[in-house]
Amino acid sequence: MDSPVQDLPAVASATVPPAPRTARPPQSSGAHRLGPVALVVAGGLSVQFGSAVAVLLMPRAGALGVVTLRLVLAAAVLLIVCRPRVRGYARADWGTVLAFGAAMSAMNILFYLSVDRIPLGAAVTLEVLGPLALSVIASRRLMNLLWAGLALGGVVLLSGGGFDRLDPAGAGFALAAGAMWATYIVFSARTGRRFPQADGLALAMAFGAVLSLPFGIVEAGDRLLVPSTIGLGLAVALMSSVLPYTLELLALRRLPAPTFAILMSLEPAIAATAGFLVLHQALGLTDALAIALVIAASMGAVRTQMPKKVPDLV
């Protein structure tokens, strides 16, 4: 299997080959560009508010128990809805979808271990450094470095200027989750090119659920079977996995990986808002300034990085 780091330059300029062109009015170009951006933003809102609900669920099932509930229930929903075809794929296709599922499982496990130890906003702030690093490594444009730097400044500002006051293990888990997030972006794009609709996502989610199941059983045991816990777990699964991952997979079919990665810099701002509304974590003036920086970086990236022609990798 190809190393995701080695393949980043190719991924940076690749999405699914476009469908045959038909005559369109000139104004449709703007709508075409805004479409995948809207999908990413909607996915971010869903996943961060879902994460806030997951924090409320952790006293019942523990961090690893919440991960298992989230992935198992999300996989069940996607398999029922998508009914993915399992025949007719090459070995490379299966390697891609299994790598996607493994990255998804590891990303979730590490992130929930993090938010069990440090605040949600701080965890997401550290985690987003992974996609930001991806955007810098994969970039072929100087302006991308500028927007990444601006977004990074907002991320640091949102952290309060440093992470030395955070639980070291929690901060480490968040950074590791960020590395898995960057890997997730790479293999999500590849899966979207190789599998129709959301079939690849459903299969990857099922594999990720299988990987997480032993951890959840060891930590939570029969607490995973409490009806009210299952109900909250289903809400987390829908908000944090089914909806956002589907939207992101669809977006990555039309959006370059570096632009997608920089859009992920919106996640700390969304997480801070979710923390305020759901977990009653106050937002200060510094937080508002940080939010403005990451939004400006994301908007600038979208305006300057959309390619005119996308090459075909497969």
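What this report covers is the structure whose coordinates are included nearby. Computed from a prediction, not measured in an experiment: that's the story for all the values here.

Within the secondary structure layout, S241 lies in helix α9 (residues 227-252). The class for S241 is buried, based on a relative accessible area of 0%. A polar contact is formed between the side chain of S241 and the side chain of R70, at a distance of 2.7 Å. What S241 contacts, discounting residues up to four positions off in sequence, is R70, L71, A74, M205, V236 and T246.

This part takes up unusual backbone geometry. Phi is positive for R83, which is not a glycine, with a value near 45°. Relative to the elements of secondary structure, R83 occurs in the loop between α2 (28-82) and α3 (91-115). The class for R83 is exposed, based on a relative accessible area of 69%.

Attention now goes to a nonpolar patch on the surface. A cluster of nonpolar residues, V72, L213 and I217, forms a patch on the protein surface that exposes about 220 Å² of accessible area. With respect to the element layout, V72 can be found in helix α2. A residue is classified by how much of its surface remains accessible, and V72, at 32% relative accessible area, is partly exposed.

This next bit is on α3. When the terminal C-alpha atoms of α3 are compared, their 36 Å separation across 25 residues agrees well with the 36 Å that a helix rising 1.5 Å per residue should span. The buried count for α3 comes to 19 of 25 residues, which makes it a mostly enclosed element.

A few words on the environment of V218. As for its placement among the helices and strands, V218 is situated in helix α8 (residues 199-220). When its relative accessible area of 74% is taken as the criterion, V218 is described as exposed. As for V218 and L64, which are separated by 154 residues in sequence, their C-alpha atoms are 8.7 Å apart.

What follows is about α8. Residues three or four positions apart in an α-helix share a direction because the helix packs 3.6 residues into each turn. End to end, α8 covers 30 Å across 22 residues, agreeing with the expected 32 Å (1.5 Å per residue, within 8%). At S212, α8 shows its maximal kink, close to 35°; a proline, P214, follows between one and four residues later. Downstream of α8 by one or two residues, G221 has phi in the positive range, about 60°.

What follows deals with the nonpolar core. In this structure, F100, F111, Y112, L120, L201 and M205 are the most contacted members of the largest nonpolar core, which totals 82 residues. Ranked by residue count, the leading element in this core is α2, at 18 residues. Sequence-distant contacts of M205, that is, excluding residues within four places in its chain, are made with L71, A74, A75, L78, M104, S241 and Y245.

About the criteria used
- Position labels on residues start from 1 in each chain and follow its written sequence.
- Two thresholds apply to this predicted model, a pLDDT of at least 70 for residue-level local features and 80 or more for giving and counting side-chain atom pairs, whereas whole-chain, interface and lining totals are computed over all residues.
- With hydrogens and water excluded, all non-hydrogen atoms of the structure serve as input to the side-chain values.
- Each helix is a run of DSSP H or I of at least 4 residues and each strand a run of E of at least 2, with the numbering of both proceeding from the N terminus.
- Three labels apply to residues, based on accessible area from a 1.4 Å probe with only protein chains included: buried if under 20% of the type maximum, exposed if over 50%, partly exposed otherwise in between.
- Residues adjacent in sequence count toward polar contacts only when both atoms are side-chain atoms; beyond that, a polar contact is any pair of N or O atoms within 3.5 Å, and within protein one must be able to donate a hydrogen and the other to accept it.
- Pairs of residues are marked as contacts when any of their non-hydrogen atoms sit within 4.5 Å.
- A patch consists of residues exposed above 30% relative accessible area that lack any salt bridge, with like charges linked at up to 9 Å and nonpolar side chains (Val, Leu, Ile, Met, Phe, Trp, Tyr) linked at up to 5 Å.
- Note on areas: Shrake-Rupley with a 1.4 Å probe; residue coverage comes only from the protein chains shown.
- Salt bridges are defined as contacts in which a side-chain nitrogen from Lys or Arg sits within 4 Å of a carboxyl oxygen from Asp or Glu.
- Each helix should span, by expectation, one fewer than its residue count multiplied by 1.5 Å.
- The bend at a residue is defined as the angle formed between two axes, one fitted to the seven residues ending at that residue and one fitted to the seven starting there.
- What we call a nonpolar core is a set of buried Ala, Val, Leu, Ile, Met, Phe, Trp, Tyr and Cys residues that are connected through their side-chain atoms within 4.5 Å.

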